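Structural description and commentary
What follows is the residue order along each chain.
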Amino acid sequence: MVSSLLHDLRYAFRGLARTPGFTLTALLTLAIGIGANTAIFTLVHGVLLKPLAVANPSQLYKFGDEYKCCNEGGLQNNWSMFAYPFYLYARDHTPAFEQLAAAGADRPFLSVRRTGAGAPAEPVSGEFVSGNYFDTLGVSTIAGRTLSPTDDETGAAPVAVLSYGAWERLYGLDRSIVGNTLIMNGIPVTLIGVAPPAFFGDRLEGTPPSFWMPLASEPAFRRENSLLHATSAAWLYILGRLRPDARPAQLSAQLTTELRQYLLTPGNGSSHQDLKQIGKQQIRLSPGGGGINAMKNQYEQGLLLLMAASAALLMIACGNLANLLLARGAATHARTALQLAIGASRARIVRGELTESLVLSVLGGAAGLLVAFYASRSALLIAFRGSVGVPISTSPSPVILIFTFLASLATGIVFGVGPAWIASRAHPADALRGVNRVTHDASALSQRSLVVLQAALLMVLLTVAGLLTQSLRNLENQSYGFDRQGRLVVRINPQSAGYTQDRLAALYQSLQDRMARMPAVISASLSLYTAQQGNNWGEDVFFPGKAEDLDSNGTSWDRVSAHYFETIGTPVVRGRGIDERDTAGSRRVAVINEAFARKYFANEDPIGQYFGKGDSSHAGDYEIVGVSKDAKYREASRPVQPMFFVPLLQKIVYAKDADSRVEDASMYIGSIELHVNREPSAVMPEVRRLLAGVDPNLTPMSMRTFDELVGLQTTEQTLIARLSEAFGLVALLLASVGLYGVTAFRVAGRTKEVGLRMALGASRQDIVSLVLRGAFSQVALGLLVGIPLALLARQWLQHQLFGIPAFDPWSLTLAILVLGLCAFVASLLPAGRAARINPAILMRTG
């Protein structure tokens, strides 16, 4: 067997070497097809399949099966985030877990600099975790040590573990940093260790944390906004390592019981109005080996779509290669018949042909790895633009190599088995008679069938690419309700610079005055957050004299300064906006958007009406003084939500701790908006200098234009659309080449017939029409199969499309026209060659 295998391999390599043109064409086609599939699988594996880089990830389970961010108040029904007191309760009452760890759902902004260093502070993100976090996950450090339970005790000295990516980016892999003191948000913190390179934390996010800090240090960083001991603030994910004898299904019921008992305990966040809802609260235990994966929910449908598209592209590539092998097999039919005549078995012929196909596919797969590396890197640049330390590697891992190898083997069998079987049908007597008509007819039939399949698949790919491209164009070009030209948004965090609430008014006044005096600035404003930043604050709203409306839950709100609406370019369509008269001590006012007015004041004038947030006792807190045009603050593909805006410094005192905590946290701005009269990028250095002049610790976390913010919020749609376009174009090229090859092969086989027709009076136009009809008949059959498939694909995609009605014939029509045009071009060259045949010469030589 080994001897036969080596002989087949030598024969295959010699055959490929004799036909370098065929070999190079096949390798290039395979590299594109297999490379595209490997690139998409790299993303699928990294986002959907790859477990955390921890010990025994299959033992890990998480509380909850939903992704939520970042702070929940009240009852959740299906719980996925929890208060710190409940974590302690569950840790002490659930022996089925070997260890139970907690991690903050949010990413606190940190301003970090080395002690004694003259360089400005670096803006990074961190994560608060329990002291047993690294022990629970089974992760060690490559330098120093991990956090321990003693680090997570009240009064312990602040410490932190540094991520490998931040160690490389910020400190150039300098080992002397371990053990040194860093200044984080003005607090001295000892750096005790560096995490390994493959560890990005407990979840997959575009920008993983740079530092992990114990939960006990959270009050020092958040000060008056601390969540650590708040019984009603759910802000932690809980992840544990299950004992081998524990049963997850039974444990879910036990955890649900523990949650209800905790909620019924006085002081744990449930009011008398909530008691009747306690029986509905539950915890679903779910596998945690993949972490708390927010990206899985975001990208799963799109990546599965791309996987299907890349598979269709590979099928089209296989069709081309099968056509090439069929054409070559017809040309070498006499040689195959001679091999059979001198004693070769049909099984040996099939084995030899398949060996050559497999050699081609494996070599093409090796070349495809290079294509996949650069293609997946390009995809990551789109998917994670603006991110630092992307937690997905494009380097070939063992899993990726195995996938590529298996895909190569499957590809070789798919495009090789048909030609191998047809080659084995040769008759030994054909070697003497020179007869190859039966084989030629079988090859031609197979080739035409493959063209029909290619046309059907291409129809689906072109339609899908057209739909996704149009959807992305609609998404990007829609009216967002704000002006995207000449706007710069600066993210800051005064709390990280050490500011307390009593110092905020002076800081805000200084910032606004200095920004307004900048020569390039037309208008400046401050806000809690602004449009398309990926942020949202939501509250229930209440109205005087009206019963509580269950549909009022989660109305968005923002805190803004004077000139906010004119700075971002959102018109106030009725009344007035927030201005200088709205101070901390003036009457409390609010500006609502049109969606708020439509929902809550459909048949009345909202100006002069009152409402409040928190609970019904505050229903008269705010007087509505203006209505702003609707603007998209959250997902660009969803309708505008009801939203209201309150003045920057107007603070309400609430009786409930949860409401008071939210109000306190909202006093810290997160954004500065600038309307500038020049290119925003040219203003950025001046903004940095101005902030450093106000306070060296006031480090800008980011500076982006509104166009960039919109682009960041549409990265998923951009990735899917651009890759679909690329697959469609490559598939179109491959299918066109395949149709050209089949048509040319048929013309070559019908040379005598064409000559005879011309000798009997057929014109050149008749010959061109004959060839084109033959080609278009295959494409038409492909359309008959492909159009229903394209309609099904459209139906499946409808929920992902934006601004495209359920019945929209344009994408389908465009795909048909493009396919028809390429088929015409691909068939015209062989048709022209057939029309140039000289029948007189043919009759003399034939």
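The rules we used
Residues numbered from 1 in each chain as written. Predicted model: local features only at pLDDT ≥ 70, side-chain atom pairs only at ≥ 80, totals over all residues. Heavy atoms only, no water. Phe/Tyr/Trp six-rings, centres within 6.5 Å; stacked < 30°, edge-to-face > 60°. Helix = DSSP H or I, 4+ residues; strand = E, 2+ residues; numbered from the N terminus. Buried < 20%, exposed > 50% of the residue type's maximum accessible area, 1.4 Å probe, protein only. Salt bridge = Lys/Arg side-chain N within 4 Å of Asp/Glu carboxyl O. Contact = heavy atoms within 4.5 Å. Core = buried A, V, L, I, M, F, W, Y, C linked by side-chain atoms within 4.5 Å. Axes fitted to C-alpha atoms, helices over the stretch in contact; angles between N-to-C directions. Left-handed = near helix turned anticlockwise from the far one by under 90°. Nonpolar A, V, L, I, M, F, W, Y, C, P; charged D, E, K, R; others polar. Parallel < 35°, antiparallel > 145°, perpendicular 65-115°, else oblique.

Looking at the packing of aromatic side chains
For any pair of aromatic rings, the description rests on two quantities: the centre-to-centre distance and the angle between the ring planes. The final tally for this structure, using the stated rule, is 37 aromatic pairs. Ring centres of Phe543 and Phe596 lie 6.3 Å apart, and the angle between their planes is 55 degrees; this geometry places the pair in the tilted category. Here Phe596 lies in helix α16 (residues 594-600) and Phe543 lies in the loop between β19 (541-542) and β20 (555-560), a separation of 53 residues in the sequence. Exposure remark for Phe543: the relative accessible area of 10% places this residue in the buried category. For Phe596, a relative accessible area of 0% translates into the label buried.

As for unusual backbone geometry
The backbone of Leu173 sits at a positive phi, close to 60 degrees, despite the residue not being glycine. Topologically, Leu173 is positioned in the loop between α5 (164-171) and β9 (181-184). Overall, the relative accessible area of 33% leaves Leu173 in the partly exposed class. Even without being a glycine, Asn185 presents a positive backbone phi close to 50 degrees. Along the chain, Asn185 falls in the loop between β9 and β10 (187-194).

Let's talk about the pattern of salt bridges
Inspection of the entire model under this criterion finds 23 salt bridges. Across the salt bridge formed by Glu663 and Arg559, the nearest N and O atoms sit 3.1 Å from each other. Here the residue Glu663 occupies a position in helix α17 (residues 657-666), and Arg559 occupies one in strand β20, the gap between them amounting to 104 residues. A relative accessible area of 0% means that Arg559 is categorised as buried. Residues joined by salt bridges that share partners form a network here, namely Arg107, Glu127, Asp202 and Arg203.

Quick look at the side chain of Glu663
Owing to a relative accessible area of 0%, Glu663 belongs among the buried residues under this scheme. If sequence neighbours within four positions are ignored, Glu663 has contacts with Trp557, Arg559, Lys613, Tyr622, Gln650, Lys651, Ile652 and Tyr654.

Points about the nonpolar core
One finds Leu303, Ile316, Leu458, Leu468 and Leu819 to be the most contacted residues of the largest nonpolar core, which totals 57 residues. Of all the secondary structure elements, the ones that give two or more residues to this core are α2 (20-49), α8 (294-331), α10 (346-383), α13 (437-477), α20 (715-749), α22 (764-797) and α23 (809-835). The leading source of residues in this core is α13, at 12 residues. Residues within four places of Leu458 in sequence aside, it is in contact with Ile316, Gly728, Ala731, Leu732, Ala735 and Leu819. Grouped together as the second largest cluster of nonpolar side chains are 51 residues, Phe63, Leu215, Ala233 and Ala246 included.

Regarding the packing of helix α21 (residues 751-759) against α22
Taken N-terminus to C-terminus, the directions of α21 and α22 make an angle of 145 degrees; their axes are 10 Å apart at the nearest point. Two packed elements cross with a definite hand, and for α21 against α22 that hand is right-handed. Seen from α21, the contacting residues are Val754, Arg757 and Met758; seen from α22, they are Arg764, Ile767 and Leu770. In terms of residue class, the contact of α21 with α22 is built from 4 nonpolar, no polar and 2 charged.

As for the packing of α22 against α23
Contact geometry for α22 and α23: axes closest at 9 Å, N-to-C directions at 155 degrees. When the axis of α22 is compared with that of α23, the two are roughly antiparallel. Like other packed secondary-structure pairs, α22 and α23 cross with a definite hand, here right-handed.

Such coordinate-based values are descriptive only and should not be taken to indicate function.
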